[in-house]
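Descriptive structure summary
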Amino acid sequence: GAVVSQHPSRVICKSGTSVKIECRSLDFQATTMFWYRQFPKQSLMLMATSNEGSKATYEQGVEKDKFLINHASLTLSTLTVTSAHPEDSSFYICSAKRDRVGTQYFGPGTRLTVL
Amino acid sequence: GQSLEQPSEVTAVEGAIVQINCTYQTSGFYGLSWYQQHDGGAPTFLSYNALDGLEETGRFSSFLSRSDSYGYLLLQELQMKDSASYFCAVRKAAGNKLTFGGGTRVLVKP
């Protein structure tokens, strides 16, 4: 099956620091990965589309300078939350598109808590 | 804009059948996906409908009517482990992006 991993699974940081989250497709190559944010008991909100070898495409209202995305290889995308604040505390989930159909397979998520 | 509507919560007993409806309004519709998410976990892909009709995968089936902008997920022979949130998601042609509905929390009781 399609396996996507994320690291770390949980992170607690102080306000003002930066946090990097990694998303890897383990058994397939993904030219496109997606980053979502999910607040408790809410739906997944797409933040950005990460394209290998090119700039990420951000959704309206998402600050590209705050949420830095790098997709350096066909199996790795990273999301860096810069100068994190308590309101950035959330569940961050990545997904990778595997096939022509476009089915997205999700990573296990990263729970970020900013103190 | 685009929107998806699905019920917020459904409660049923083990062995029962539950149907979760999803209506959507969007431009550039390509297909409708369904995902399951247990508390604290990641969404797990269940099914995808690009064409009208019923797709059956074990105890779960999904239906799509493009003309009605409507789909549903059917959960049969409910088990306790099926207690989770279920999301419909519209896939748009451009960029393969998914837009998720608000989710339906299914609670299965003994």
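Every chain begins its residue count from 1, and numbering advances along the sequence as written. In the order they appear in the text, chains get letters beginning with A and ligands get numbers beginning with 1. It should be noted that, the model being predicted, local features are given only for residues of pLDDT at least 70 and side-chain atom pairs only at 80 or more, the latter also being counted only at that level, while totals for whole chains, interfaces and linings use all residues. The basis for the side-chain values is all heavy atoms of the structure; hydrogens and waters are excluded.

1. Some points on the confidence of the model for chain B
Rules: Each residue carries a pLDDT score, the predictor's own confidence in it, on a scale running from 0 to 100. A helix here means a DSSP run of H or I that spans at least four residues, while a strand means a run of E at least two residues long, and both kinds are numbered starting from the N terminus.
Looking at chain B as a whole, the pLDDT averages 93, with 97% of positions reaching at least 70. Averaged pLDDT values for the elements of chain B fall to 91 in strand 10 (residues 98–100) of chain B and rise to 98 in strand 8 (residues 70–75) of chain B.

2. A word on the environment of His38 of chain B
Residue and element names in this part refer to chain B. What counts, and what does not: Type-normalised accessible area, obtained with a 1.4 Å probe on protein chains alone, sets the label of each residue: buried when under 20%, exposed when over 50%, and partly exposed for intermediate values. Any two residues whose heavy atoms approach within 4.5 Å at even a single point are treated as in contact. Polar contacts here mean pairs of N or O atoms no more than 3.5 Å apart (in protein, one a potential hydrogen donor and the other a potential acceptor; neighbouring residues in sequence count only if both atoms are side-chain atoms).
Its location among the elements puts His38 in the loop between strand 4 (29–37) and strand 5 (44–49). Owing to a relative accessible area of 34%, His38 belongs among the partly exposed residues under this scheme. A sequence separation of 46 residues divides His38 from Ala84, and the C-alpha atoms of the two residues are 4.7 Å apart. Not counting chain neighbours up to four residues away, the residues in contact with His38 comprise Lys81, Ser83 and Ala84. From its side chain, His38 meets the backbone oxygen of Ser83 in a polar contact 3.5 Å long.

3. Focus on the environment of Ile12 of chain A
All names here are of chain A. Residue placement: Ile12 occurs in strand 2 (residues 10–13). Distance from Ile12 to Arg111, taken between C-alpha atoms, is 8.4 Å for residues 99 residues apart in sequence. Once you skip the residues sitting within four places of it in the chain, Ile12 turns out to touch Thr113 and Leu115.

4. Things to note about the packing of aromatic side chains
Put simply, the test is: Centres within 6.5 Å make a pair out of two Phe, Tyr or Trp rings, where for Trp the six-membered ring is used; the pair is then stacked when the planes are under 30 degrees apart, edge-to-face when over 60, and tilted otherwise. Counted as over-ring charges are cases with an Arg CZ or a Lys NZ within 6 Å of the ring centre that also lie within 35 degrees of the ring normal.
Enumeration according to the criterion identifies 14 aromatic pairs over all chains in this entry. Where Tyr35 of chain B meets Phe45 of chain B, the ring centres are 5.7 Å apart and the plane angle is 70 degrees; that geometry is what we call edge-to-face. Highlighted residues: Tyr35 of chain B in strand 4 and Phe45 of chain B in strand 5, separated in sequence by 10 residues. We classify Phe45 of chain B as partly exposed; its relative accessible area is 24%. Through successive ring pairs, a cluster of aromatic residues spans Tyr36, Tyr105 and Phe106 of chain A together with Tyr35, Phe45, Phe87 and Phe100 of chain B. The lysine or arginine in question, Lys66 of chain A, covers the ring of Phe67 of chain A, its NZ or CZ lying 5.9 Å from the ring centre.

5. Some points on the pairing of strand 5 (residues 44–51) of chain A
All names here are of chain A. As a reminder, the rule being used: For two strands to be treated as a pair, DSSP must find at least two bridges joining them.
Buried residues dominate strand 5, accounting for six of its eight residues. Here strand 4 (residues 32–38) pairs with strand 5 via seven bridges, running antiparallel. Residue pairing across strands places Phe34 opposite Thr49, the latter belonging to strand 5. Counted along the chain from strand 4 to the antiparallel partner strand 5, the turn is five residues long, and its residue Lys41 has a positive phi close to 60 degrees. Between strand 5 and strand 6 (residues 57–58), which pair antiparallel one after the other, the connecting turn spans five residues, and Gly53 there sits at a positive phi close to 80 degrees.

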